[in-house]
Amino acid sequence: MSAPSPTRRGGRLRRACDLCQQKKIRCDNGKPDCETCRDAGICCTVTRRSPPTRNSLKEQLVEAKARIRELEAQITAQEIRGKPGQGDASRLLPANLLAGYLQDPHDLDTSMTMFQRLIALCGIGANGSAERDSFCLVISQQTGSQFDVDQFLQGLPAASGIRGSRNSEKATSQQWPTRHLVQLCINQFIKTGLYSVFPVVNVKVLQMLLDEDILDLQAQSADIANLACLVSFTALITELHRLEPAFSNCDPDSYLRTVLALIPRLLVEEPTLRTLEAVIIVVTYLLPIGHTNTADFLLAIAIRIMYSLGANRYSVVRAAEGRHTRALFWLCYGVDKELAMRIGRPPLINDIDCDLQLPDNYILSDNLFVDRPLSPEQLLYTSDLRLAFIKSKICTLLYSDHGRAQSEARRLQYIRELDEELNALKSSYPDSCWPDVFATEESPDYTIHDLSLRGVNLHLEYYFCLGKIHGASSASILPSLQSWSFLPSSAELFYQESRTMLYYIARVRRFINWHTFWIHAQFILTAVISLFRHLITSPTAPMFSSDIQLLENIAETFSELDRESRATRRFAPFFFTTCFTRKLIFLAKQSLRKADGG
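In this convention, every chain numbers its residues from 1, walking through the sequence in written order. Reporting in this predicted model follows two pLDDT cut-offs: at least 70 for local features of residues, and 80 or more for side-chain atom pairs to be given and counted; totals over whole chains, interfaces and linings ignore these cut-offs and use all residues. Side-chain metrics in this entry use all non-hydrogen atoms of the structure; hydrogen atoms and water are not considered.

1. Examining the overall build of the protein chain
Within the protein chain, the regular secondary structure consists of 26 helices and zero strands. Any residue under 20% of the maximum accessible area for its type is buried, any over 50% is exposed, and the rest in between are partly exposed; the area is computed with a 1.4 Å probe on protein chains only. Residues counted as buried form 51% of the 598 residues belonging to the protein chain. Should any heavy atoms of two residues lie within 4.5 Å, those residues are considered in contact. In the protein chain, once contacts between residues fewer than 6 apart in sequence are set aside, the share between residues at least 24 apart is 74%. Shrake-Rupley sampling with a 1.4 Å probe provides the accessible areas, and residues are treated as covered by the protein chains on show and by no other component. Looking at the protein chain as shown, the accessible area adds up to about 28,200 Å², and 53% of this sits on carbon and sulfur atoms. By definition, any uninterrupted DSSP run of H or I lasting at least four residues is a helix, any uninterrupted run of E lasting at least two residues is a strand, and each is numbered from the N terminus.

2. Quick word on the nonpolar core
What makes a nonpolar core is a set of buried Ala, Val, Leu, Ile, Met, Phe, Trp, Tyr and Cys residues whose side-chain atoms join them at distances within 4.5 Å. Grouped together as the largest cluster of nonpolar side chains are 164 residues, with contacts concentrated most on F135, V149, F233, L502, Y504 and F580. It is helix α24 (residues 517-537) that provides the largest number of residues to this core, a total of 13 residues. With eight residues, the next largest nonpolar core counts C17, C27, C34 and V46 among its residues.

3. Section: the packing of helix α15 (residues 273-286) against helix α17 (residues 322-343)
To describe two helices that pack against each other, one gives the angle between their axes and the distance between the axes. Orientation of α15 relative to α17, taken along the N-to-C sense of each, is 35°, at an axis distance of 11 Å. Here α15 runs over α17; the crossing is left-handed. Residues L273, R274, L276, E277, I280 and V283 of α15 form the contact with α17, whose participating residues are H324, T325, L328, L331, C332 and V335. Under the convention adopted here, Pro, Cys and the residues Ala, Val, Leu, Ile, Met, Phe, Trp and Tyr are nonpolar, Asp, Glu, Lys and Arg are charged, and Gly plus all remaining residues are polar. Considering only residue class, the contact of α15 with α17 consists of eight nonpolar, two polar and two charged. Orientation is described by axes fitted as lines to C-alpha atoms, over the contacting stretch for helices, and by angles from 0 to 180 degrees between their N-to-C directions. Crossing chirality is assigned from the near helix's rotation relative to the far helix, an anticlockwise turn below a right angle marking it left-handed and a clockwise turn marking it right-handed.

4. Observations concerning the environment of S392
If you trace the backbone, S392 turns up in helix α18 (residues 385-399). With a relative accessible area of 3%, S392 lands in the buried category. In the structure, S392 is positioned 59 residues away from Y333 in sequence and 9.5 Å away in space, judged by C-alpha atoms. The contacts of S392, once residues within four sequence positions are left out, are Y333, K337 and D351.

5. Some points on the pattern of salt bridges
Put simply, a salt bridge is a Lys or Arg side-chain nitrogen that is within 4 Å of an Asp or Glu carboxyl oxygen. Inspection of every chain in the model, using the stated rule, returns 24 salt bridges. For R242, the salt bridge goes to E239, with nearest N and O atoms at 3.4 Å. Relative accessible area serves as the criterion here: at 28%, R242 is assigned to the partly exposed category. On the basis of relative accessible area, E239 is assigned to the buried category, the value being 16%. The partner of R342 in a salt bridge is E338, and the shortest N-O contact between them spans 2.7 Å. Of the two residues, R342 and E338 both sit in helix α17, four residues apart, roughly one turn of that helix. The network of salt bridges with common partners includes D296, D336, K337, R345 and D351.

6. Structural notes on the packing of aromatic side chains
Here a Phe, Tyr or Trp ring, Trp counted by its six-membered ring, pairs with any other such ring whose centre lies within 6.5 Å, and the pair is stacked when the planes are under 30 degrees apart, edge-to-face when over 60, and tilted otherwise. Scanning the model with the defined rule gives 23 aromatic pairs in all. Ring centres of F517 and F558 lie 6.2 Å apart, and the angle between their planes is 85°; this geometry places the pair in the edge-to-face category. Taken together, the residues span a long stretch of sequence, with F517 in helix α24 and F558 in helix α25 (residues 544-565) at a distance of 41 residues. Each member of the pair F517 and F558 is classed as buried. Ring plane angle 75° and centroid distance 5.0 Å describe the contact between F571 and F574, whose orientation is recorded as edge-to-face. Given a relative accessible area of 0%, F571 falls into the buried group. Its relative accessible area of 3% is what places F574 among the buried residues. Grouping aromatic residues by their ring pairs yields a cluster made of W514, F517, W518, F558, F571 and F574. The ring of F523 carries R342 above its face, with NZ or CZ at 4.4 Å from the centroid. Comment: the charge-over-ring label is applied if NZ (Lys) or CZ (Arg) is within 6 Å of the ring centre and within 35 degrees of the ring normal. Lying across the ring of Y399, K468 places its NZ or CZ 5.0 Å from the centre.

7. So, unusual backbone geometry
Its identity as a non-glycine residue notwithstanding, N29 has a phi of 60°, on the positive side. Within the secondary structure, N29 sits in the loop between α1 (18-23) and α2 (35-40). The phi angle at D213 is positive, at roughly 60°, despite the residue not being glycine. Take D213: it is sitting in the loop between α12 (203-211) and α13 (224-240). Taking the relative accessible area as the measure of exposure, D213 reaches 36% and is therefore partly exposed.

8. Describing helix α26 (residues 572-595)
The terminal C-alpha atoms of α26, which comprises 24 residues, lie 35 Å apart, in line with the 34 Å expected from a rise of 1.5 Å per residue. Trailing α26 by a residue or two, G597 shows a phi angle of about 85°, which is positive. Given the number of residues in a helix, its expected span is that number minus one, multiplied by 1.5 Å.

9. Concerning the side chain of N226
The residue N226 is located in helix α13 in this model. For N226, a relative accessible area of 13% translates into the label buried. In this structure, N226 is in contact with L209, I214 and R274, ignoring residues within four places of it in sequence.

10. Digging into the confidence of the model for the protein chain
Caution is warranted with low-pLDDT regions, since their predicted coordinates should not be read in detail. Every residue carries a pLDDT, the predictor's confidence in it, which falls somewhere between 0 and 100. With 81% of its residues at a pLDDT of 70 or more, the protein chain has an overall mean of 83. Note on residues 476-488: pLDDT is under 50 here. Beyond four places in sequence and across chains, it has 19 contacts.

11. Brief notes about the packing of α13 against helix α14 (residues 252-267)
Two numbers describe how α13 lies on α14: the axes approach to 9 Å, and their chain directions differ by 155°. One element, α13, and the other, α14, form an angle in the roughly antiparallel class. For the pair α13 and α14, the sense of crossing is left-handed. Packed against α13, whose contacting residues are I224, A225, A228, V231, S232, T234, A235, T238 and E239, the element α14 presents P252, Y255, L256, T258, V259, L262, R265 and L266 at the interface. The class makeup of the residues in the contact of α13 with α14 is eleven nonpolar, four polar and two charged. Note on angle classes: values under 35 degrees are labelled roughly parallel, values over 145 roughly antiparallel, values of 65 to 115 roughly perpendicular, and the remainder oblique.

12. Brief notes about the environment of L584
Locating L584 in the fold gives a position in helix α26. Given a relative accessible area of 0%, L584 falls into the buried group. A sequence separation of 48 residues divides L584 from I536, and the C-alpha atoms of the two residues are 9.5 Å apart. Beyond its immediate chain neighbours, meaning those up to four positions away, L584 contacts F147, V528, I529 and F532.

13. A short note on α15
Helix length check: α15 (14 residues) gives 20 Å between terminal C-alpha atoms against 20 Å at 1.5 Å per residue, within 8%. Within α15, 14 of the 14 residues are buried, which leaves it mostly tucked inside the rest of the structure. For α15, the capping residue at the N-terminal end is T272, with a side-chain oxygen 3.2 Å from the backbone nitrogen of R274. As used in this structure description, the phrase polar contact means that two N or O atoms lie within 3.5 Å; if the pair is within protein, one of them must be able to donate a hydrogen and the other to accept it, and residues adjacent in sequence are counted only when both atoms belong to side chains.

What follows is the structure in structure tokens.
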């Protein structure tokens, strides 16, 4: 017997029966059975369904106004593009920012694009560059094999067996956080003392803004900077604490896309400290997930705002929120020097334009290395600010156009002086925290103490700086190794740094995952490539076999990471790193066979 049919209401027929709904055809609502069911020889049934749960009127209003604000941001972005007075500036904005677009680092094509850019920065140059041509020529001469780097890399996505998973809807989805979620993030920030490492917001002002209900869409007069600061802060905290139960159902990327869509409107406002905070938070979010180019572009904007606010001068501490303003300056300073050294551009912050007096509450101790409770009253940052000074000198004295034009003797003098300065910094750390202790083949496991992620990052930056200093010898105009008489050990130190870095990676394996890959990848791959260069140019060296084994250990480490990532969502760069390293191992063995006359 068929189920009772809903009666007509307001002149409308009952809804379609189950079979007609399944076939997605019009139902004639015949009684007792419709024509479709009679032809099929089955009873005509209409399953009652519970009406969809409706949000409260207030929730519906908030959602509707959130959508309106998203549309307004997109319209404003389009208008800004077309305004004569602002068009030139807006055209400088990357298209993905104007659209609020954020690529997924797990997407296969995105991962490959990022990986190709990364490889180019690790000592072999971009495709078509003189550096790349030289790299390939040396391989051909030393191994007898041709190696087209880009062709090899382009074949890896297909070899990975990973299906393309680009989701354009997800890459553009935006979401406004609720007031409750923002409050949770503020509470978490205070409870964990996170200001010590990421002094990105004045949390007291942030709480005041939240209490003023500027997230309520009725506050149409709210400054975009205030909105962007609240939303970007929520994105950062929910990303940093994604494993916390309170934030497990959050979508940090969607919050960040909302901020990216606001940036065109943000930049036409008079810049304030909240503007600076919002832009710096976005930079802090983007760098660890591999969006280096976009982060560097936004950093340039942040630095310009920073100068306009006088944050580069110590005297700003006497102004309202002055100490916090200086904390933001040092955050920008450290990121600028790090990116300058990584991507080979001149520093955006000129040291002679700044007061470089360290904050009074900056921590100089083994707290840089060991996990301990954080205090917002002390500044720790993610790295040692004194190391940022050395990075600045490395870029200026060794890798700038002016530095490269210096005489051989002067460049070698800079190398020696910077080496001494870096060693003096290392000597200022407690003996138990010296990087060298953890990075030798012979060091026992008990020498590894409970390092923090900050400690690992600082050690890797130390090795990277050491390699950059002594690697400048080979990057200069010096014609041969014999001319390095002023600093004869520089070449060996350059390659020893690579060995040490790779030994260290094996010891801190637990800190490497897809969340930290883009933080550490350039350090690791630069060491892999520089050690490979040494292998193919000196295939008969006594360390050849142990160096090959070292590279094989790195390849196996990333192979294990690749296998582990399959349990959740596979992270293609692990596979790319494994294959690239194994290709270099194969070529290094070819150089040995060629040297042996094989």
